[in-house]
Amino acid sequence: MVRYRFKVARTRLSGGWGVFGKRSPNMGLTTILALSFTVCFSLESAAAAVLMPGELHVSSLAIYVLCGLLVGGSAVVVALVWHLRRCHAEISEQRREIALLGSTDQSTGLPNEYGLLQSLEDNQDSARRSGRLVVLAIDCEVRGRAASLNSIAAIEDSLADAVARLRSALALFDPAARIARGDDGCFLGVLGLESGIEPGDLAKTIIQVLARNSEQASSWTGIECVVGVAVSETQDADIPSLLDEARLALREASGSAVSGPSCVYSSGLKAVLFRRHTVEAEIFAALKEGTIEPHFLPKFDLASGGITGVEALARWHNEKLGWISPREFLSAARSMGVMVELDNAILLSACEKACGLPDHVTISVNISAARLFADNFAEVVRKSLRVTGLRPSRLFIEVSEPTLFERPVQVLKVLRDLKAIGVRVALDEFGREGLAALPYLSQFDWDELKIDRNLADQALGDSISHDMVSVVLSYMTRGGVLITGKGIETADQREYLESLGCMAAQGYLFCGPLPASDVEKLFFSLVEQPYARYSA
């Protein structure tokens, strides 16, 4: 009987202790109870064999008390162990979820930069391929209906569309290419590239695939992108270093008008970017100290040869870097968000220096879109005139044709506020897009049109265009609008623009930009024809 009960206990114990594995606490308790009662009955049987009846009653009571304590203590232990095991499982699951969240971009579901590096590290053998190793940094901007909707759903759809397009583009070069999204929002790509394919061709293909309009029913979408490329001739290159180089190339492509929408990293790029970083860092001090100041490009009357006005052009000489080109510091001003401050400083300085010029000489200041669309521009102009004492009729505010096209209604409203002050308004780069700005000529009382070289070249090569441009300029001239030719470098260009109807001109054929002190030394021989209306 005793052997049988122990046998039963061993059988139940073999499954019951599964509580420390995957069994439930009920199974563990059942096992403990079975074991306790088996021990109890065994002890009782053993005591019955050696004890007297009176002593047996006391011994049985002690045995059952001991059995109860054993059962209660065992139940507590089983419950505690089960609870600890469940907590351990939950913690492990949470750790897995946290690790997944930490390695995944929530907007796209792609791996983030950490996840990409971890994946490449965990799968080094499968990630290494023949050919060169290419790392991409791609900055995307959605255009089209999805961008105009500006909703979360539209943005998510656009991101998903961008990911799908990017996968298809990279698969053309490497089906095993890896895609991720960096913490800065740009897409990252790692792929192998055969030796016969140029990295620039890879970047162009990506740009073309992403730019193609989507055929989704919810939105037509084009994705404009800028691509930075870093290349290693071997597959065992350091990926984080290549990512840094790709981002440097991306920054160069984003901030330079020369490199275009893509750039391949080269050893000389660090020096270029270091200079750009220095320019961006120095521009705040330059604005504070007033070292960015206007130089003046004279405007000549084609009939008399006299100077009728000057155009203020920002110039910057830095003690560390020397002369910094306008393209450099204007790009830095835009990227650092100080275009409004720069325009304000040039406007105030130009008005101040114009007061030292002869009274009949006008001053033109070209205003950026950022300054024009900011609040209270008319009030800023009014304050500059009041502080410097310059008469409003001597100041021309120039607005470029691209700025007019960007927000025509808002631009025209601001220009009307300026006209109410007494300031004159010029349309700069007229004809840059052909005659696209023609409808706006009748919507506003322009004081001056500055002819872009593109329009002059187009009219020169086509007789029909020549006749159209001549008619338009003749019409504007009869309305009292000053027609000025820009960028004249040869005598032939001067003669042709004069035949089109230009009355004034500026360019290196006559004179380049000069400091204010040099402009004051020039001899002004203006004949009051035909610009009597531009004098005070």
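Scroll up to find the structure this text is about.
A brief look at the structure comes next. (Residues numbered from 1 in each chain as written. Predicted model: local features only at pLDDT ≥ 70, side-chain atom pairs only at ≥ 80, totals over all residues. Heavy atoms only, no water.)

### Here we look at the pattern of salt bridges
- Counted according to the given criterion, the structure contains 16 salt bridges.
- When the shortest N-O distance is used, the salt bridge between Lys299 and Glu448 registers 3.1 Å. Placement of Lys299 in strand 6 (residues 292–301) and of Glu448 in strand 12 (residues 448–451) is noted, with a sequence separation of 149 residues between them. For the pair Lys299 and Glu448, one class covers both residues: buried.
- Among the salt bridges present, the one from Arg391 reaches Asp359, with a minimum N-O distance of 2.8 Å. With a gap of 32 residues between them, Arg391 in the loop between helix 14 (377–388) and strand 10 (395–400) and Asp359 in the loop between helix 12 (339–354) and strand 9 (362–366) connect regions that are remote in the sequence.
- The exposure class assigned to Arg391 is partly exposed, which follows from its relative accessible area of 30%.
- Taken together, the shared-partner salt bridges in this structure form one network comprising Glu311, Glu398 and Lys450. (Salt bridge = Lys/Arg side-chain N within 4 Å of Asp/Glu carboxyl O. Helix = DSSP H or I, 4+ residues; strand = E, 2+ residues; numbered from the N terminus. Buried < 20%, exposed > 50% of the residue type's maximum accessible area, 1.4 Å probe, protein only.)

### Focus on helix 10 (residues 269–289)
- A rise of 1.5 Å per residue sets the reference length of helix 10, with its 21 residues, at 30 Å; its end C-alpha atoms lie 30 Å apart and thus fit the reference within 8%.
- The sharpest bend along helix 10 reaches about 35° and sits at Glu282.
- Among the residues making up helix 10, those that are buried are Leu269, Leu273, Arg276, Thr278, Val279, Glu280, Glu282, Ile283, Ala286 and Leu287.
- Downstream of helix 10 by a residue or two, Gly290 has a phi angle that is positive, lying close to 75°. (Expected span 1.5 Å × (residues − 1). Bend = angle between axes of the 7 residues up to and from the residue.)

### Quick look at the pairing of strand 3 (residues 187–193)
- For strand 3, the buried fraction is high: seven of the seven residues fall into the buried class.
- Residues Phe187, Gly189, Leu191 and Leu193 point to one face of strand 3 and Leu188, Val190 and Gly192 to the other, with burial holding for every one of them.
- Direction of pairing for strand 2 (residues 178–181) relative to strand 3: antiparallel, over a ladder of four bridges. Its bridge partner lying in strand 3, Arg181 is registered against Phe187.
- Joining the antiparallel neighbours strand 2 and strand 3 is a turn of five residues, in which Gly185 adopts a positive phi near 95°. (Pairing = 2+ DSSP bridges.)

Geometry only, nothing functional implied.
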